[in-house]
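Each chain, letter by letter, is given below.
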Amino acid sequence: MTDWTPIFISMKTASLSIFITFFLGLIVAWGIVKLKNDSVKIVLDGIFTLPIVLPPTVVGFFLLYIFGVRGPIGKFFVDFFAVKIAFSWSATVIAAVVMSFPLMYRSARGAFEQVDSNLLDMSEFKIFWKVLLANALPGIISGGILAYARGLGEFGATAMIAGNIAGQTRTLPMAVYSEVAAGNMGDAFNYVIFIVI
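In this report, we go over the structure that sits alongside the text. Computed from a predicted model, the values in this text were never measured in an experiment.

Things to note about the overall build of the protein
Here's step 1: Assigned secondary structure in the protein consists of nine helices and zero strands.
Here's step 2: Moving toward the C terminus, one meets the helices and strands of the protein in the order α-α-α-α-α-α-α-α-α.
Here's step 3: Across its three principal directions, the C-alpha atoms of the protein cover 60 × 40 × 30 Å.
Here's step 4: The 197 residues of the protein split such that 41% are buried.
Here's step 5: Accessible surface for the protein amounts to roughly 10,700 Å². Of this, 70% is attributable to carbon and sulfur atoms.
Here's step 6: Here the protein contributes 13 positive and 11 negative side-chain charges, whose respective centroids are spaced 6 Å apart.

Considering the packing of helix α3 (residues 56–67) against helix α4 (residues 72–81)
Here's step 1: Taken N-terminus to C-terminus, the directions of α3 and α4 make an angle of 35°; their axes are 4 Å apart at the nearest point. In contact with Y65, I66 and F67 of α3, α4 contributes P72, I73 and G74.
Here's step 2: When grouped by side-chain class, the residues that make up the contact of α3 with α4 number five nonpolar, one polar and no charged.

Some thoughts on the nonpolar core
Here's step 1: Within the largest apolar cluster, 21 residues are counted, with the highest numbers of intra-cluster contacts made by A108, F112 and I140.
Here's step 2: Those elements that place two or more of their residues in this core are α1 (5–34), α5 (89–113) and α6 (124–153).
Here's step 3: Counting residues per element, this core draws most heavily on α6, which supplies eight residues.
Here's step 4: Not counting chain neighbours up to four residues away, the residues in contact with I140 comprise F22, L26, M104, A108, A111, F112 and L133.
Here's step 5: L63, F67, A157 and I161 belong to the second-largest nonpolar core, a separate cluster that totals 11 residues.

Describing the packing of helix α8 (residues 172–181) against helix α9 (residues 185–196)
Here's step 1: Running from N to C, α8 and α9 cross one another at 160°; their axes reach a closest spacing of 8 Å. Between α8 and α9, the crossing angle belongs to the class labelled roughly antiparallel. Relative to α9, α8 is oriented so that their crossing is left-handed. Of the residues in α9, those in contact with L172, P173, A175, V176, E179 and V180 of α8 are M185, D187, A188, Y191, V192, F194 and I195.
Here's step 2: Across the contact of α8 with α9, the residue classes break down as 11 nonpolar, no polar and two charged.

How each quantity is defined
Residues numbered from 1 in each chain as written. Predicted model: local features only at pLDDT ≥ 70, side-chain atom pairs only at ≥ 80, totals over all residues. Heavy atoms only, no water. Helix = DSSP H or I, 4+ residues; strand = E, 2+ residues; numbered from the N terminus. Buried < 20%, exposed > 50% of the residue type's maximum accessible area, 1.4 Å probe, protein only. Areas by Shrake-Rupley, 256 points an atom, 1.4 Å probe, with all protein chains shown as cover. Lys, Arg positive; Asp, Glu negative; His and termini not counted. Charge placed at Lys NZ, Arg CZ, Asp CG, Glu CD. Axes fitted to C-alpha atoms, helices over the stretch in contact; angles between N-to-C directions. Contact = heavy atoms within 4.5 Å. Nonpolar A, V, L, I, M, F, W, Y, C, P; charged D, E, K, R; others polar. Core = buried A, V, L, I, M, F, W, Y, C linked by side-chain atoms within 4.5 Å. Parallel < 35°, antiparallel > 145°, perpendicular 65-115°, else oblique. Left-handed = near helix turned anticlockwise from the far one by under 90°.

All we've got here are geometric facts, nothing functional implied.
Below you can see the structure in the form of structure tokens.
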């Protein structure tokens, strides 16, 4: 019998991560587009898109290093809040945000850069909401869909920082892997169909 908790964990993870990624991607893309210094733009763009080119396990290693109980952020949370981030559901969200952020950021940045600069002669607030966001909406929606799908399908970084704990951190890709490793091809097929849909 198929365990449906990976579906719920994945949907919960992808939903929260797209909420974070969507707004973070918009803010960062808008900030990069407004930057005047091209050298700084290039460096920051490289940093923000790095998770696309690095193997997911390498990104997961860095996340584990940062958020593990001995890492700077992980140790802080353990010491001051008695909260362990690594190998928790929060870790699945962090992995999904980090891995999906570049897709949202690049799509939003590209969409913002395609807006005619002659339309941008109002206050910053009006420019963003009435001109830039309205004209860039198709690219932004595309980035949101790509980021959501990436968050839903994240495997490598999630395996490193969140593990594969049944009922807690086992997302759909982790469940597919576990079922195939156990020889339960029928259950793995059910998960794969859900991911594809």
